[in-house]
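# Reading the structure
Okay, here's what each chain looks like letter by letter:
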Amino acid sequence: MTFDRPLWAAGVMLACLPFQLSAAITGLVLRAGDLAPIPGARIRIQADPASPLVLTGADGRFTLPVAPPGGVVVTATLPYDPNAAVNYPIEQTNAFDGSDVLILLSPLPAADNPAYQPPTVNLGCAFCHQEQADQWLTSNHAHAAVNEWVLDLFSGSGTPGGSAGYVYRDTHDPGETGFCAACHAPLADVFDPGNVMLDEVAAPGALDGVQCLACHQIHEVNDNVSALNHLGNSEYRFPDESPTQFFVWGPLDDVGFSTMNALYAPLFKESRLCAACHEYNNPDSGAPGQNTYSEWLASPWAAPGPDFRTCQDCHMPPAAAPGPISSLGGTPIRPPEDRRTHDFIGASPERLSAAISLDIEAQLAGDEVIVTARLTNAGAGHAFPTGVSVRNALLHLEVDAAGVPLPQSTGQVIPFWADDEVPGKQAGDLAGEPGAGFARVLEGRINGTGPVVRPVLFIDAENVASDTRIASGETRTEVFRFDATSVPPGAAISISAEVLYRRAWRATYITKGWTQTPSGGPIETQVAAAGTVLLNQAPAPIPALGPGGLLLLILAMLTLVLKFDVASRSRPTVANATSFVLRAKR
């Protein structure tokens, strides 16, 4: 058999072409410097959710089973381990179909920069991450170091009326910090943990509050979650290599850029990251400050399964559309789940209303109105309310007929802390009215001396006086009874209920003169409302009968007896009828 040589060659080339088009990307991952192979490195195509993830073998080699139609970026990294001797920032390289690439990982510097001063957001991160910086600017995190309420409580310097009422620095020993800066100005406190006065913070980067680097240079949040941020819970790294601010930790394992040193930290996908500031106790007494992380751990949301949600899933949801995470060049385009929002929305009116539901049932039972109210915390992965102990909520119930309130006979009333300290009853003072309160009330002696006071801030707390908050997934049922003896027959009885959320104790915000939150929102929010109307259908009493009325009654009964006898085919007699009437009179 003979072959035509050009046709034979063309056939061989065509036969090989499919294999060439589907050739995998292969490569080798070594440590920069000594060129030691790095096993277990994560390899993928950057910003491609369909890309397979492969790990390097003991020899540092990998095979990525993809056949891209053009050039791609391949990334390599190891998950960050705060206890490892060596960690590596993410590295990347360009590759094509069938490429064999070499990726060198440079070890993270072991020492920290002793002269490091974190830059402001505007002079640092915003250059390349403008979208995230703009979102952050609208958040409470952005104003934490200059939060007017916190400054009013700490030094009385936040608002014109801030020196009224409780001021920490006026009531505590000189030099005591109250640990406010640990969370409100973390990039000042981290260099001298627990010893920074919030009202004396001056470094521009620290005055940005909980800014980008306050989170993205955390390299560990340990299991000592009851400690307060830098006092034993969180740990920062500021690598001693210029520029230090370009060393950042985050949740993506494929972030590579020539000027960045990004490290893949799985911690950033865990709720434990938020425990750095949202879980702590009083360092001296152990009384709780915030326990939001523990509340989440105990919630249905923390259970493995399809309903599992982390703090980030709710408070940093995916972006609405694909796009870049860097505004410099606008590439690569990433899926929404890689582009988390950075406005950190929490207790907004919309979210509160979505999280908390209220149902009421009402009925007349004799001369009482019985109202059953059910509050369900189905939409929050923590207690309602959560966070700092000044936050509180109320169930307020009104039951009236023709505008006149019915007296409450049984059931809870709203606690004392729902009133201000101004003499007399003011609009908005709800203590003693039908309803219930939901709050954690701390008690203690101011600066450890004098009488026990409640409520107090966590820094003065020695005990929990009461905790009536609604846990995640819990339904709270309250039953109330009202005296309806004065309600005339046929009258309408109106029942209305509402759930109010207050971001501070009423006595505090009235004393300080606060009219809105530091971010310009409402201090009090109606979270839920429900209502119904009952008609008093009790029969009217039978009036007393005179002689004429009695005669009419006798005749009516006689007629009834006669009809009965006819119906039963018996012969009626006057004697039978008279006997029936006499029995009725007796």
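Here's a quick rundown of the structure. (Residues numbered from 1 in each chain as written. Predicted model: local features only at pLDDT ≥ 70, side-chain atom pairs only at ≥ 80, totals over all residues. Heavy atoms only, no water.)

Turning to the packing of aromatic side chains, a few remarks are in order. What characterises a pair of aromatic rings is the spacing of the ring centres plus the angle enclosed by the ring planes. For the structure on display, the rule yields 11 aromatic pairs. Relative to F238, the ring of Y236 lies with its centre 5.7 Å away and its plane at 40°, an arrangement referred to as tilted. Accessibility classification places Y236 together with F238 in one group, the buried group. An aromatic cluster of at least three residues, connected via ring pairs, comprises Y116, F191, Y236 and F238. (Phe/Tyr/Trp six-rings, centres within 6.5 Å; stacked < 30°, edge-to-face > 60°. Buried < 20%, exposed > 50% of the residue type's maximum accessible area, 1.4 Å probe, protein only.)

For A401, the location among the structural elements is in strand β16 (residues 392-401). On the basis of relative accessibility, which here comes to 10%, the residue A401 falls in the buried class. C-alpha separation for the pair A401 and A491, spaced 90 residues apart in sequence, amounts to 7.0 Å. Residues within four places of A401 in sequence aside, it is in contact with L406, V487, A492 and I493. (Helix = DSSP H or I, 4+ residues; strand = E, 2+ residues; numbered from the N terminus. Contact = heavy atoms within 4.5 Å.)

Turning next to a nonpolar patch on the surface. Taken together, the side chains of L35, L102 and L104 define a hydrophobic patch exposed on the protein surface, amounting to about 270 Å² of accessible area. Of note, L104 is situated in strand β7 (residues 100-105). For L104, a relative accessible area of 35% corresponds to the partly exposed category. (Patch = residues over 30% accessible without salt bridge, like charges linked within 9 Å, V, L, I, M, F, W, Y side chains within 5 Å. Areas by Shrake-Rupley, 256 points an atom, 1.4 Å probe, with all protein chains shown as cover. Salt bridge = Lys/Arg side-chain N within 4 Å of Asp/Glu carboxyl O.)

Moving on, we get to helix α2 (residues 130-137). Residues Q132, A133, Q135 and W136 constitute the buried set of α2. All buried residues of α2 lie within an arc of 160° about the axis, which places them on one face of the element. (Arc of directions from axis to C-beta.)

Here we come to the pairing of strand β15 (residues 368-377). Among the 10 residues of β15, 8 are classified as buried, and the element is accordingly described as predominantly covered. Pairing between strand β14 (residues 356-365) and β15: 10 bridges, direction antiparallel. Each bridged residue has a counterpart across the sheet, and for A365 the counterpart in β15 is E368. If you look at the hairpin formed by β14 and β15, you'll find 2 residues sitting between the two strands, and G366 has a positive phi there, around 65°. Of the pairings in the sheet, the one linking β15 to strand β23 (residues 475-483) comprises 9 bridges and is antiparallel in character. Across the sheet, residue V369 finds its bridge partner in β23, namely F482. (Pairing = 2+ DSSP bridges.)

Now for the sheet that holds strand β21 (residues 452-453). Read from one edge of the open sheet, 3 strands run β21-β20-β22, paired in antiparallel fashion. Looking along the sheet, the strands with just one partner apiece sit at the ends: β21 and β22 (463-467). In terms of strand pairing, strand β20 (residues 440-445) meets β21 through 2 bridges, oriented antiparallel. Paired with G444 across the bridge in β21 is V453.

Scanning the model with the defined rule gives 0 disulfides in all. Cysteine C180 remains unbridged, with the sulfur of C183 as its closest cysteine sulfur at 9.6 Å. Free cysteine: C215, not disulfide-bonded; nearest cysteine sulfur from C274 at 7.7 Å. Under the relative-accessibility criterion, C215 is labelled partly exposed at 25%. (Disulfide = S-S within 2.5 Å.)

Spatially, the 4 strands line up as an open sheet ordered β3-β2-β5-β6, and their pairing is antiparallel. At either margin of the open sheet sits one strand with a lone partner, and together these are β3 (54-55) and β6 (91-95). Inspection of the sheet shows strand β2 (residues 42-45) paired to β3 by 2 bridges, in the antiparallel sense. Across the sheet, I43 pairs through a bridge with V54, a residue of β3.

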